[in-house]
Amino acid sequence: FRKEDVGQPKTMALSNILRDLTGRETNPVPDKVNSQNIFHGVVVAMVDSMKARKEIFAACRYDAGVSYYIDARSGGDSALVYSLDPRDPDCVRRYEESIYDDDFASPAPCATSRQVPTLFLIAAAIGELLARREEHELKIGEFVRVIIGIDRNGLPSITSEAYTGFSF
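In this text, all values refer to a predicted model and were calculated from it rather than measured experimentally. (Residues numbered from 1 in each chain as written. Predicted model: local features only at pLDDT ≥ 70, side-chain atom pairs only at ≥ 80, totals over all residues. Heavy atoms only, no water.)

Peer 1: How do you make sense of the overall build of the chain when you look at a structure like this?
Peer 2: Helix and strand content of the chain: 4 helices and 5 strands. Helices and strands appear in the chain in the N-to-C order α-β-α-β-β-α-α-β-β. Rg of the C-alpha trace for the chain: 16 Å, near the compact-globule value of 15 Å for 168 residues, within the 12% margin. Seen along its three principal axes, the alpha-carbon backbone of the chain occupies a region of about 40 × 35 × 35 Å. Expressed as a percentage of the 168 residues in the chain, the buried residues total 32%. A sequence separation of at least 24 residues applies to 54% of the contacts in the chain between residues at least 6 apart. Accessible surface for the chain amounts to roughly 10400 Å². Of this, 54% is attributable to carbon and sulfur atoms. Distance between charge centres in the chain, computed from 20 positive and 25 negative side chains, equals 2 Å. (Helix = DSSP H or I, 4+ residues; strand = E, 2+ residues; numbered from the N terminus. Rg over C-alpha atoms; globule rule 2.2 N^0.38 Å. Buried < 20%, exposed > 50% of the residue type's maximum accessible area, 1.4 Å probe, protein only. Contact = heavy atoms within 4.5 Å. Areas by Shrake-Rupley, 256 points an atom, 1.4 Å probe, with all protein chains shown as cover. Lys, Arg positive; Asp, Glu negative; His and termini not counted. Charge placed at Lys NZ, Arg CZ, Asp CG, Glu CD.)

Set out below in structure tokens:
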């Protein structure tokens, strides 16, 4: 985020950044979310707890109005980004296997100055996934996991795995 975004809800700040960079309008939901929320189109979850992830996904899972779901997670020097069609049963099963209770989460800061390169990689991964979707480059039933970390030289690294129903 930028200095001028300080004090704004993350959803509003991100919407403004996307509009400034792409000229496209988004429909941010700056409210607290739960399983009763109604979402449409593409949902990008960037929340601070697994409980919130569970509730957002519960509102999206098997909903014909939600065509694409991205979940970005970060903490310490690592991050994960998942993308999937929340209407596809195999993708739903794989994604739900990645969700655990907050009690099992390791407390780690998600936004320190040292984390900035990792956060940029998260943004880049999300941008690329959204571009692939818009250009119809995603395969039906494709489940993608992007793994972001620090390599043995102390530099950010990024790898990805895609599952399309046959292999992972």
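Peer 1: How should I be thinking about the environment of Asp88 in this particular structure?
Peer 2: Structurally, Asp88 can be placed in the loop between strand 3 (78-84) and helix 3 (89-97). With residues up to four places along the chain from it excluded, the contact list for Asp88 reads Tyr62 and Gly141. A polar contact of 3.0 Å, which involves the side chain of Asp88, links it to the backbone nitrogen of Asp90. (Polar contact = N/O pair within 3.5 Å; in protein donor to acceptor, adjacent residues only side chain to side chain.)

Peer 1: Help me understand the pattern of salt bridges in this model?
Peer 2: As a working rule, side chains carrying opposite charge can pair if their charged atoms are close by. Here the structure, examined in full by the defined rule, presents 16 salt bridges. Where Arg2 meets Asp20, a salt bridge forms, and the shortest distance between an N and an O atom there is 2.9 Å. In this pair, Arg2 sits in the segment before helix 1 (10-22) while Asp20 sits in helix 1, placing the two residues 18 residues apart along the sequence. Through salt bridges that share partners, Arg2, Glu4, Asp5, Arg19 and Asp20 make up one connected network. (Salt bridge = Lys/Arg side-chain N within 4 Å of Asp/Glu carboxyl O.)

Peer 1: What is the right way to read the sheet that holds strand 2 (residues 66-75) from this model?
Peer 2: By way of backbone hydrogen bonds, the strands of a sheet pair with one another, either parallel or antiparallel. The sheet built from 5 strands is open, its strands ordered 1-2-3-4-5 with mixed pairing. Here the strands that pair on one side only, and so sit at the sheet edges, are strand 1 (41-45) and strand 5 (156-163). The mean inter-strand angle of the sheet, taken between neighbouring strand axes irrespective of direction, is 10°. Bridging between strand 2 and strand 3 involves 7 bridges; their strand directions are antiparallel. Within strand 3, the position partnered with Arg73 by the bridge is Leu80. Most of the contacts of helix 2 (residues 50-60) go to strand 2, to which it runs at about 175°, and overall it touches strand 1, strand 2 and strand 3. (Pairing = 2+ DSSP bridges. Axes fitted to C-alpha atoms, helices over the stretch in contact; angles between N-to-C directions.)

Peer 1: What is the right way to look at the layout of surface pockets in this model?
Peer 2: Space left empty within the atom packing is revealed by a probe, the size of a water molecule, rolled over the atoms. The space that makes up the second largest pocket amounts to roughly 260 Å³. Lining the second largest pocket are 13 residues; nearest its centre among them are Ser67, Tyr68, Arg133, Leu138 and Lys139. Class assignment of the residues belonging to the lining of the second largest pocket gives a composition of 4 nonpolar, 3 polar and 6 charged. (1 Å grid on protein atoms, 1.4 Å probe; cavity = no way out; pocket = protein on both sides within 12 Å on 5 of 7 lines; lining within 4 Å. Points joined across faces, edges and corners; volume = space filled by probe spheres on them. Nonpolar A, V, L, I, M, F, W, Y, C, P; charged D, E, K, R; others polar.)

Peer 1: Could you clarify how one ought to interpret helix 4 (residues 116-134) in this entry?
Peer 2: Because the α-helix completes a turn every 3.6 residues, residues three or four places apart line up on one side. Spanning 19 residues, helix 4 covers 27 Å between terminal C-alpha atoms, matching the ideal 27 Å at 1.5 Å per step. Looking at the buried positions of helix 4, the neighbouring elements they touch are strand 1, strand 2, strand 3, strand 4 (143-150) and strand 5. Where helix 4 ends, the next residue or the one after it, His136, has phi of about 60°, a positive value. (Expected span 1.5 Å × (residues − 1).)

Peer 1: Sorry, what's going on with the environment of Ser74 here?
Peer 2: Mapped onto the secondary structure, Ser74 falls in strand 2. Taking the C-alpha atoms as reference points, Ser74 and Glu142, 68 residues apart in sequence, are found 22 Å from one another.

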